[in-house]
Amino acid sequence: MLKKAVNAKFNHSPTKSSPLTTDNRVAVGHYTQNAHEVTLWQEGGLKTLLHEAVHAAAITEMYNHIVKSAKRVGDKYIKDSRGRLIWEHKVKNNSPIGKQLFAIFNAAKEAAAKENREYYGLTNIDEFIAETFSDPVFQLFLTGQPSVSNKPGSNLLQDFLNAVREMVRHTSKSKNYV
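This structure is a prediction, so every number in the text was calculated from the model and none was measured. (Residues numbered from 1 in each chain as written. Predicted model: local features only at pLDDT ≥ 70, side-chain atom pairs only at ≥ 80, totals over all residues. Heavy atoms only, no water.)

> Can you help me understand the overall build of the protein chain in this one?
Across its full length, the protein chain carries six helices and seven strands. Put simply, the protein chain runs from its N terminus to its C terminus through helices and strands in the order α-β-β-β-α-β-β-β-β-α-α-α-α. Looking at the protein chain alone, contacts between residues at least 24 apart form 53% of all its contacts between residues at least 6 apart. Accessible surface, the protein chain as shown: approximately 10,700 Å² in total, 53% of it carbon and sulfur. (Helix = DSSP H or I, 4+ residues; strand = E, 2+ residues; numbered from the N terminus. Contact = heavy atoms within 4.5 Å. Areas by Shrake-Rupley, 256 points an atom, 1.4 Å probe, with all protein chains shown as cover.)

> Mind showing me how you'd approach the confidence of the model for the protein chain here?
Model confidence for the protein chain is summarised by a mean pLDDT of 79, while 75% of its residues fall at 70 or above. Within the protein chain, helix H5 (residues 136-143) carries the highest mean pLDDT (96), whereas helix H1 (residues 2-6) carries the lowest (47). Contacts of residues 1-5 to residues separated by more than four positions or lying in other chains number 14 contacts, the stretch itself having pLDDT below 50. (pLDDT = per-residue confidence, 0-100.)

> Where do I start with the pattern of salt bridges in this structure?
In a structure, side chains of opposite charge can pair up when their charged atoms sit close to one another. According to the stated counting rule, one finds three salt bridges in the structure shown. With a closest N to O distance of 3.7 Å, Lys68 and Asp126 form a salt bridge. Taken together, the residues Lys68 in strand S4 (residues 66-70) and Asp126 in helix H4 (residues 125-134) connect sequence positions 58 residues apart. Its salt-bridge partner being Glu166, residue Arg169 comes within 2.7 Å of it at the nearest N-O pair. Of this pair, Arg169 and Glu166 both sit in helix H6 (residues 156-174), three residues apart, which is roughly one turn of the helix. You can call Arg169 partly exposed: its relative accessible area is 38%. (Salt bridge = Lys/Arg side-chain N within 4 Å of Asp/Glu carboxyl O. Buried < 20%, exposed > 50% of the residue type's maximum accessible area, 1.4 Å probe, protein only.)

> Looking at this structure, I do not really get the nonpolar core. What am I missing?
Within the largest apolar cluster, 30 residues are counted, with the highest numbers of intra-cluster contacts made by Leu101, Leu122, Ile125, Phe128, Ile129, Phe141 and Leu142. If you list the elements that add at least two residues to this core, you get helix H2 (46-62), helix H3 (96-114), H4, H5 and H6. Here this core gets nine residues from one element, more than from any other, and that element is H3. Apart from the residues within four sequence positions on either side, Ile129 is in contact with Val54, Ala58, Met62, Leu101 and Phe160. (Core = buried A, V, L, I, M, F, W, Y, C linked by side-chain atoms within 4.5 Å.)

> How should I be thinking about the packing of aromatic side chains in this particular structure?
For any pair of aromatic rings, geometry is given as the distance between the ring centres together with the angle between the planes. In total, this model carries eight aromatic pairs according to the counting rule given. Aromatic side chains Tyr119 and Phe138 sit 5.4 Å apart centroid to centroid with 50 degrees between the ring planes, which places their arrangement in the tilted category. One end of the pair, Tyr119, is in the loop between H3 and H4; the other, Phe138, is in helix H5, with 19 residues separating them in the sequence. Taking the relative accessible area as the measure of exposure, Tyr119 reaches 15% and is therefore buried. Classification of Phe138 by relative accessible area gives buried; the value is 0%. Where Phe138 meets Phe141, the ring centres are 6.1 Å apart and the plane angle is 25 degrees; that geometry is what we call stacked. (Phe/Tyr/Trp six-rings, centres within 6.5 Å; stacked < 30°, edge-to-face > 60°.)

> Before we go on, may I ask you to explain the side chain of His89 in this structure?
By secondary structure assignment, the location of His89 is in strand S7 (residues 87-91). Side-chain polar atoms of His89 contact the side chain of Asp126, separated by 3.1 Å. With residues near it in sequence (within four places) discarded, His89 still touches Tyr63, Ile66, Val67, Lys68, Phe102, Asn124, Ile125 and Asp126. (Polar contact = N/O pair within 3.5 Å; in protein donor to acceptor, adjacent residues only side chain to side chain.)

> Is there a simple way to think about the packing of H3 against H4 in this case?
The description of two helices packed together rests on the angle between their axes and the distance between the axes. In the contact formed by H3 and H4, the axes pass within 11 Å of each other and the chain directions differ by 85 degrees. One finds that H3 runs roughly perpendicular with respect to H4. For the pair H3 and H4, contact is made by Leu101, Phe102, Ile104, Phe105 and Ala108 and by Ile125, Phe128 and Ile129, respectively. Counted by class, the contact of H3 with H4 contains eight nonpolar, no polar and no charged residues. (Axes fitted to C-alpha atoms, helices over the stretch in contact; angles between N-to-C directions. Parallel < 35°, antiparallel > 145°, perpendicular 65-115°, else oblique. Nonpolar A, V, L, I, M, F, W, Y, C, P; charged D, E, K, R; others polar.)

> What am I meant to see in the packing of H4 against H5 here?
Closest axis-to-axis distance for the H4/H5 pair is 6 Å, and the angle between their directions is 100 degrees. Between H4 and H5, the crossing angle belongs to the class labelled roughly perpendicular. Contacts from Phe128, Glu131, Thr132, Phe133 and Ser134 of H4 reach H5 at Pro136, Phe138, Gln139 and Leu142.

Spelled out as structure tokens, the structure:
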């Protein structure tokens, strides 16, 4: 996975102003999957670089277990108020790793709702993965939540790390690295 991040193209645009996100926040960085490119705007710092590099590293492996598609109602695509497609994610081919990632993600969303908290990492599964690797506050939140695996002494962060470990192990076996 690290090789995937290192092979990404990195751009820094200190003179360009940042675009707005779908929820009207200023974007400080962005990963473009098709171009395999990370862009940081002038407000972006080290945390943003790490966050976007995680997208670059994990996206290909994640999509072996999760499907991302444009949200539709009938034959019409759903768009946000600025005309951009809204995406949804589902488990791919009944993948056990995909199921595990979604179980952790959904448990975190439920816990945050009960505590009346909002985290960017709960926006969607892409951001969940990137924020879990890059945001210490979000990591601390996950550490305080009970495990979906019901292992004594475990928590959602440990569950996530175990799922990623399994994803790497699965990828290594399929590429004959082990």
